[in-house]
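Architecture and fold: a report
Each chain is listed here by its residues.
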2 protein chains.
Amino acid sequence: MQIAILLYDRFTALDAVGPYDTLGRLPGAETVFVAERTGPVRNDSGGLALVADATLEEVTAPDVLVVPGGPGQSDLMADGPLHEWLRTVDATTTWTTSVCTGSLLLAAAGLLEGRRATSHWLALDQLKQYGVEPTGERVVVDGKYVTAAGVSSGIDMGLALLGRLADDTVAQTVQLGIEYDPQPPYDSGSPEKAPAAIVEALRGRSRFLLTGSA
Amino acid sequence: MQIAILLYDRFTALDAVGPYDTLGRLPGAETVFVAERTGPVRNDSGGLALVADATLEEVTAPDVLVVPGGPGQSDLMADGPLHEWLRTVDATTTWTTSVCTGSLLLAAAGLLEGRRATSHWLALDQLKQYGVEPTGERVVVDGKYVTAAGVSSGIDMGLALLGRLADDTVAQTVQLGIEYDPQPPYDSGSPEKAPAAIVEALRGRSRFLLTGSA
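Residues numbered from 1 in each chain as written. Chains lettered and ligands numbered in written order. Predicted model: local features only at pLDDT ≥ 70, side-chain atom pairs only at ≥ 80, totals over all residues. Heavy atoms only, no water.

**What about the pairing of strand β2 (residues 30–35) of chain A?**
Residue and element names in this part refer to chain A. Burial runs high along β2: five of the six residues are buried. The pairing of strand β1 (residues 2–6) with β2 spans five bridges and is parallel. In the sheet register, Gln2 faces β2, and the bridge partner there is Glu30. As for the winding sense of the linkage, the β-α-β connection from β1 through helix α1 (residues 13–20) to β2 is right-handed. In this structure, β2 lies alongside strand β5 (residues 54–55), joined through two bridges in parallel fashion. Paired with Ala35 across the strands is Thr55, a residue of β5. (Buried < 20%, exposed > 50% of the residue type's maximum accessible area, 1.4 Å probe, protein only. Helix = DSSP H or I, 4+ residues; strand = E, 2+ residues; numbered from the N terminus. Pairing = 2+ DSSP bridges. Right-handed = clockwise from strand over helix to strand, strands pointing away.)

**Here we look at the sheet that holds β2(A)**
All names here are of chain A. Spatial strand order, β5-β2-β1-β6-β7-β11-β10: seven strands in an open sheet with mixed pairing. Each end of this open sheet is capped by a strand with a single partner; those strands are β5 and β10 (139–142). The strands that α1 touches are β1, β2, β6 (64–67) and β7 (95–99); relative to β2, the one it contacts most, it runs at about 160°. Packing of helix α2 (residues 81–90) onto the sheet brings it into contact with β1, β2, β6, β7 and β11 (145–148), and relative to β6 it is tilted by some 150°. (Contact = heavy atoms within 4.5 Å. Axes fitted to C-alpha atoms, helices over the stretch in contact; angles between N-to-C directions.)

**Notes on the relation of the copies chain B and chain A**
Mapping chain B onto chain A leaves a residual RMSD of 0.0 Å; the transformation is a rotation of 180° accompanied by 0.0 Å of translation along its axis. Look at the turn and shift together and you get a two-fold axis relating the two. When C-alpha distances to the rotation axis are compared across chain B, the minimum falls at B:Leu50, with a value of 2.3 Å. Comparing interface residues between copies, 100% of those in chain B also sit at the interface in chain A, which points to an isologous, same-surface contact. (Least-squares fit on C-alpha atoms with pLDDT ≥ 70 in both.)

**Observations regarding the interface of chain B and chain A**
The partner chain A presents 62 residues to the 62 residues of chain B that form the contact. A combined buried area of about 5300 Å² lies between chain B and chain A, and 59% of that area is made up of carbon and sulfur atoms. By the criterion of area lost to chain A, the three top residues of chain B are B:Leu176, B:Glu179 and B:Tyr186, representing 15% of everything that side buries. For the pair chain B and chain A, the interface holds six salt bridges. Its salt-bridge partner being B:Asp44, residue A:Arg25 comes within 3.7 Å of it at the nearest N-O pair. Summed over the shared surface of chain B and chain A, the result is 44 residue pairs in polar contact (both at pLDDT 80 or more). Every element with two or more residues in the side of chain B that touches chain A is listed here: α1 (13–20), β2 (30–35), β3 (39–42), β4 (49–52), α4 (153–165), α5 (168–177) and α6 (196–204) of chain B. At eight residues, the largest contribution of residues to the side of chain B that touches chain A is made by α5(B). Residue classes in the side of chain B that touches chain A are distributed as 30 nonpolar, 19 polar and 13 charged. (Buried area = accessible area lost by both parts, 1.4 Å probe. Salt bridge = Lys/Arg side-chain N within 4 Å of Asp/Glu carboxyl O. Polar contact = N/O pair within 3.5 Å; in protein donor to acceptor, adjacent residues only side chain to side chain. Nonpolar A, V, L, I, M, F, W, Y, C, P; charged D, E, K, R; others polar.)

**Looking at the side chain of A:Thr101**
All names here are of chain A. Tracing the backbone shows Thr101 in the loop between β7 and α3 (102–108). The exposure class assigned to Thr101 is buried, which follows from its relative accessible area of 2%. For Thr101, the contacting residues outside a window of four places in its chain are Gly69, Gly70, Gln73, Ser119, His120, Ala123 and Leu210.

**Observations regarding the pattern of salt bridges**
This model, assessed by the stated rule, comprises 27 salt bridges over all chains. A salt bridge links A:Asp181 to B:Lys193, with the nearest nitrogen and oxygen atoms 2.6 Å apart. Here A:Asp181, found in the loop between α5 (168–177) and α6 (196–204), pairs with B:Lys193, found in the loop between α5 and α6, and the two come from separate chains. Since its relative accessible area comes to 40%, B:Lys193 is described here as partly exposed. A salt bridge links B:Arg115 to B:Asp142; its shortest N-O distance comes to 3.1 Å. With a gap of 27 residues between them, B:Arg115 in the loop between α3 (102–108) and β8 (116–117) and B:Asp142 in strand β10 (residues 139–142) connect regions that are remote in the sequence. Looking at B:Arg115, the relative accessible area reads 26%, which means it is partly exposed. Residues joined by salt bridges that share partners form a network here, namely A:Asp21, A:Arg25 and B:Asp44.

**Quick look at the packing of α6(A) against α5(B)**
Relative orientation of the contacting elements α6(A) and α5(B) amounts to 60°, with a least axis distance of 10 Å. The orientation of α6(A) with respect to α5(B), classified from their angle, is oblique. For the crossing formed where α6(A) meets α5(B), the hand is right-handed. Every residue of α5(B) that contacts α6(A) at A:Ile198, A:Val199 and A:Leu202 is listed here: B:Thr169, B:Gln172, B:Thr173, B:Leu176 and B:Gly177. Considering only residue class, the contact of α6(A) with α5(B) consists of four nonpolar, four polar and no charged. (Parallel < 35°, antiparallel > 145°, perpendicular 65-115°, else oblique. Left-handed = near helix turned anticlockwise from the far one by under 90°.)

Given below as structure tokens:
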């Protein structure tokens, strides 16, 4: 069982590490971080690099694919070798998954057409141009395609997938192991719950947040 | 404002990245990953490396220190250069923090004596030998020392600290930005909530989980 997590310049670290430290704890599974080139890949703010241990060419048949989001996604929407790789590995995955704006990459590669999917709440509308039906759910399962909402939702997705790849006991064991008993000090985690002024402020900055450009 | 996140061999990735993608989003702050040597530092399972961009010698006066946990913590409990560094930077920090078994490192360096603190639920008892009063709370603030429970709790700690370092609006904005509206598919995130058989199974494996050795 191989789980491949894609890295690219200006990805969001928690998008990748949330699934990694849940799904990646599946007994017997090997997780590999994969990118165009091996070596350090810088995140959205530039303050952190994760190391890609394999190139796209070296990962040809993962059982599970995880595509994180991040501002760098906006540089990768044109068809090309990355989309080709996504389509190639998707042909044999058991699960093809994304966190945050990673779903836009899957959609642009043509993998979500006609399906229901989610993304970061600021990016949901963009799914429509690829023939995808956006939903506001935190984790959406449509066939073998599992998409999660913004950044931190990859933890919930990872646990949900563990339940399907293994069983409830394995998923509950991992949840207890990472002590995932969330107690956010604020209740501001979705546009429905956050103060309206904060939602509007983020909407105003959405182009910056989603692409990293001013 | 500088936030320093410590890395060491066999740390747990989410322990570091949870605070990074919350606290690290503080406007105007610079976050630096620091280790004994610069370059890739491998995590507990070996499947992921994060890059340390600065050595201990190069980070002398961070405003906020974050010490993640992980099995590798057990190799670092003897006094030495790392403990010396922890004590030196702690002398001028505004906040000295930890996630998971990172609190054992702070405790072993003598920084938590006489204080209340938390850790991974499997490691709580170990705090006592350093004169620390363990608590089962998810995030514990005692003076300038903020300790968080296991692995995923660093996200809650990061948001709580943002509220103190900046204000509620900044913290709520970051929470909405990372869409932290947790919806775990199971309710198994603490020993009080998880099925008893799963708690006992993890207790039986605790030496392995906490030290990585069989």
